[in-house]
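Next come the chains, spelled out residue by residue.
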Amino acid sequence: MADIVLDHVYKRYPDGTLGADDVNIEIADGEFIILVGPSGCGKSTTLNMIAGLEDISDGELRIGGTRVNEKAPKDRDIAMVFQSYALYPHMTVRENMGFPLKLAKWSKADIDKKVTEAAEILDLTQHLDRKPANMSGGQRQRVAMGRAIVRSPKAFLMDEPLSNLDAKLRVQMRTMVSKLQQRLETTTVYVTHDQTEAMTLGDRIVVMKSGVVQQIGSPQHLYDQPANLFVAGFIGSPSMNFVPGTLENGGLRTSLGNLRMPDHIRRVLEAADAPREIIVGIRPEHFEDAGVVEDHLRDTGSVFSAEVDVLESMGSDKFAYFKIEGERAMSDDLAQLEADAGTADVPDGGGQLVTRLSAASTAREGQSSEVWVDTDKMQIFDPHSGANLTSRDPATANA
Amino acid sequence: MTATAPANKKVGWSVINLIVILYALIPVLWIVSLSFKTADTISDGNFIPRSWTWSNYAQIFQIDLFTSALRNSIGIAIISTVIAVVIGTMAAYAIARLDFPGKKALVGVSLLIAMFPQISLVSPLFDIERAVGLFDTWPGLILPYITFALPLAIYTLSAFFREIPWELEKAAKMDGATPLQAFRSVIVPLAAPGVFTTAILVFIFCWNDFLFAVSLTSTSRSQTATVAISQFTGASQFAEPTGSIAAAAVLLTIPIIIFVLFFQRRIVAGLTSGAVKG
């Protein structure tokens, strides 16, 4: 058990590209922290640097207060679970799990005791004498976990451990990982590209893009107060809607029509010296069918009407997709998000407005519908820097 | 129709298999048959000997040259194989895993050695070995054998090493292994089928060599079995030692068969399956 501190850590590759650019993360003892981002964002590089599998070009890595930059992986006392599980195929489950202890020169009796214990936690007792080749994906995954927990290391590093499992098993294993971490209270660094996993598992999330940390915070904080367009678009599913807007005479003109400008947002924008052209971000759940909004709420938002393109009824909610007239919001962050999601070359992929309406909504496909927007909840972004101008959290905005 | 189509296919394959097996085995059986024929029936052209005899086998063991040659052959082939496989394993691992300057050149040069016509090296080697005192010694044969076996060993083994997921090695490092421990307890066991395959190939190469053996040896001190067979003489000046040669040839294939059978059990296909998501 120990805390992990990344202090101005850089990773420079021989060709000059930066795999990690001034990464500062303080991971508390026993914390479950998630590194998340699209592929190539530097999250795995960062994890490998903590593991010692990749050299740190600059900066300092401290585990439990001592600098470990120059230490070999075996001297850092941390365990890692790999995406591919990396089980030793010539060893049985028992030997696989006991391997780290054997290397640490434990006595045979102690190894046996510890492996049996871990096998019980992971429900692997009846599989101890099997070889990995004859096991299912979920079982192999648990063996990989077992190999990590047997020697009670200072920290667990997990590199997308669930991404090879099918969807149903993944959800099951997600709760198992969460329970295991709570039970062992070991500092855990978990890498994933799946924002749902990040939201559900972590105490805190680190969002990364091109080697740069975008924001660090609790899942709810990242959802409510994204530091910039990238975090706003990456966290949340379905993701936040972005529409271009213009600030005029204290009002806000967008392709959804003129939107009411709440006082608190106006004050923040004035203080931030916001540009005239901005991007408005609204989460799908902050829309509602105007017909079902209670009267006293109507005035705290704006109403616009548009034709419903596609309507998906989920039973509890209805997802209504509207086609936005006029220009689409443009920014580097959004372009990168689209490229990562693969929607960049899908026609209309980004030009849609996704709204989550209550099940009582009378909206119908192909018909015009009145939609209410909760303007109190909207976020305003600078299209050039991508920064969230309405974030009440300036400290992390530049982190 | 649907039932006969696969049946026809099966018959077709069986016929082809049979032809291949006969093609490979008939010369071997012919030699075996010759080795059991008596001197006067040896050239009668019968596939199955009309009169059987062990005398050919008894005869070759009365020749001192052959027993010492057998000893030399076994010793030299085993030593060469062990050294070539150990060095080859390490070299192949480096080639498969590391990116170092001159890697391509190294692989190219080793391939060049394998392609070099051996006959062109015989006279220089003869002169060199005479000058440094290696002529007609075990090391005098072991050295060139290792040189020519290494490219083969490196090529076969690096193909096997490339198949092993690199993450296993990373996992071993994370589990607390030194690079040497990771290599010994994770990589080598997984490459075992490759190591044994290579060992068999190298052993056969050394065992069967005639060119170097005949050029770089002169006495029973280091002459190998292949050379000894070539020097068999008949009972008289005019008698062909066909029976003895056949008997010796049969004897020479026995160690190879034992060697292959022994190691074959270790060549378990698909040993790495289950390591990573399959």
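Along every chain, residues carry numbers that run from 1 in the direction the sequence is written. Chains carry letters and ligands carry numbers; both start at the beginning, A for chains and 1 for ligands, and go up in the order they are written. Restriction of local features to residues with pLDDT of at least 70 applies here, the model being predicted, together with a cutoff of 80 or more for giving and counting side-chain atom pairs; totals for whole chains, interfaces and linings are based on all residues. Only hydrogens and water are removed before side-chain values are computed, so all heavy atoms of the structure are retained for them.

(A) Quick peek at the nonpolar core. What we call a nonpolar core is a set of buried Ala, Val, Leu, Ile, Met, Phe, Trp, Tyr and Cys residues that are connected through their side-chain atoms within 4.5 Å. Throughout this description, buried means an accessible area under 20% of the type-specific maximum (1.4 Å probe, protein chains only), exposed means over 50%, and partly exposed covers the range between. Of all hydrophobic cores here, the largest spans 55 residues; its most connected members are Ile4(A), Leu6(A), Ile25(A), Val189(A) and Phe161(B). Among the elements that line this core, the one with the most residues is helix α8 (residues 179-208) of chain B, at eight residues. Residues Val93(A), Leu128(A), Phe234(A) and Phe242(A) belong to the second largest nonpolar core, which totals 51 residues. Per the convention used, a helix needs a DSSP run of H or I reaching at least four residues, while a strand needs a run of E reaching at least two, with both numbered from the N terminus.

(B) Summary view of the confidence of the model for chain B. For chain B, mean pLDDT is 85; residues scoring 70 or higher make up 91% of the total. Across the interface, the model reports ipTM at 0.79; the global pTM reads 0.78. Per-residue confidence from the predictor is reported as pLDDT, a score between 0 and 100.

(C) Main features of a negative patch on the surface. Residues and elements named next belong to chain A. By definition, no residue in a patch forms a salt bridge, and every one has over 30% relative accessible area; like charges are joined within 9 Å, nonpolar side chains (Val, Leu, Ile, Met, Phe, Trp, Tyr) within 5 Å. Calculation of accessible area relied on Shrake-Rupley with a 1.4 Å probe; when residues are assessed, cover is drawn exclusively from the protein chains displayed. The rule for a salt bridge is simple: a side-chain nitrogen of Lys or Arg has to be within 4 Å of a carboxyl oxygen of Asp or Glu. Charge assignment in this entry is limited to Lys and Arg as positive and Asp and Glu as negative, and neither His nor the chain termini are counted. One atom stands in for each charge, and that atom is NZ of Lys, CZ of Arg, CG of Asp or CD of Glu. A contiguous patch of negative charge on the surface is contributed by Glu307, Asp309, Glu312, Glu325 and Glu365. By secondary structure assignment, the location of Asp309 is in strand β16 (residues 302-313). Look at Asp309 and you get partly exposed, because its relative accessible area is 35%.

(D) Inspection of the side chain of Asn48(A) at higher detail. Of note, Asn48(A) is situated in helix α1 (residues 43-51). The contact criterion used is simple: two residues touch if any of their non-hydrogen atoms lie within 4.5 Å. Not counting the four nearest positions on each side in its chain, Asn48(A) is found in contact with Leu53(A), Glu54(A) and Met80(A).

(E) How the structure looks around the pairing of strand β14 (residues 277-282) of chain A. Residue and element names in this part refer to chain A. Counting buried positions along β14 yields five of six residues, so the element is predominantly enclosed. Paired strands, as defined in this entry, are two strands with at least two bridges between them according to DSSP. Direction of pairing for strand β11 (residues 241-248) relative to β14: antiparallel, over a ladder of six bridges. Within the sheet, the bridge partner assigned to Asn241 lies in β14 and is Ile282. By the bridge criterion, three bridges tie β14 to strand β20 (residues 379-381) in an arrangement that is antiparallel. Across the sheet, the residue bridging to Ile279 is Phe381, located in β20.

(F) Representation of the sheet that holds strand β15 (residues 287-289) of chain A within the structure. All names here are of chain A. Taken in spatial order, the five strands of this open sheet run β15-β19-β16-β17-β18, and their pairing is antiparallel. Pairing within the sheet leaves two strands with one partner each, and these edge strands are β15 and β18 (352-358). Taking each pair of neighbouring strands and ignoring which way they run, the sheet shows an average axis angle of 50°. Helix axes are fitted to C-alpha atoms over the stretch in contact, other axes to C-alpha atoms as well, and angles between N-to-C directions run from 0 to 180 degrees.

(G) Layout of the sheet that holds strand β4 (residues 58-63) of chain A. Residues and elements named next belong to chain A. Taken together, the four strands give an open sheet; going across it, the order is β2-β1-β4-β5, and neighbouring strands pair in antiparallel fashion. Of all the strands in the sheet, just β2 (18-27) and β5 (66-67) have a single pairing partner and so form its edges. Taken together, the six bridges between strand β1 (residues 4-12) and β2 define a ladder with antiparallel strand orientation. Residue Arg12 lies in a different strand from β2, and its bridge partner there is Leu18. Packing against the sheet, α1 makes contact with β1, β2 and β4, and its axis sits at approximately 115° to β1.

(H) Here's a closer look at the layout of surface pockets. Residues are called lining when one of their atoms sits within 4 Å of a cavity or pocket point, these points coming from a 1 Å grid over the protein atoms alone, where a cavity is a set in which a 1.4 Å probe fits but cannot get out and a pocket is an open set with protein on both sides within 12 Å along at least five of seven lines. Grid points are joined across faces, edges and corners, and a volume is the space filled by probe spheres set on the points. Size it by volume and the second largest pocket reaches roughly 490 Å³. In this structure, the second largest pocket is lined by 22 residues; those nearest its centre are Leu53(A), Leu98(B), Trp166(B), Glu169(B) and Lys173(B). Residue assignment for the lining of the second largest pocket shows that the elements contributing at least two residues are α3 (64-97), α7 (166-174) and α8 of chain B.

(I) Region of interest: the packing of aromatic side chains. Residues and elements named next belong to chain A. Side-chain rings of Phe, Tyr and Trp (the six-membered ring for Trp) are treated as a pair once their centres are within 6.5 Å; stacked means planes under 30 degrees apart, edge-to-face means over 60, and tilted covers the remaining angles. For the structure on display, the rule yields 20 aromatic pairs over all chains. Here the aromatic rings of Phe242 and Phe381 are separated by 5.9 Å at their centres, their planes lie at 70°, and the arrangement is edge-to-face. One end of the pair, Phe242, is in strand β11; the other, Phe381, is in strand β20, with 139 residues separating them in the sequence. When its relative accessible area of 14% is taken as the criterion, Phe242 is described as buried.

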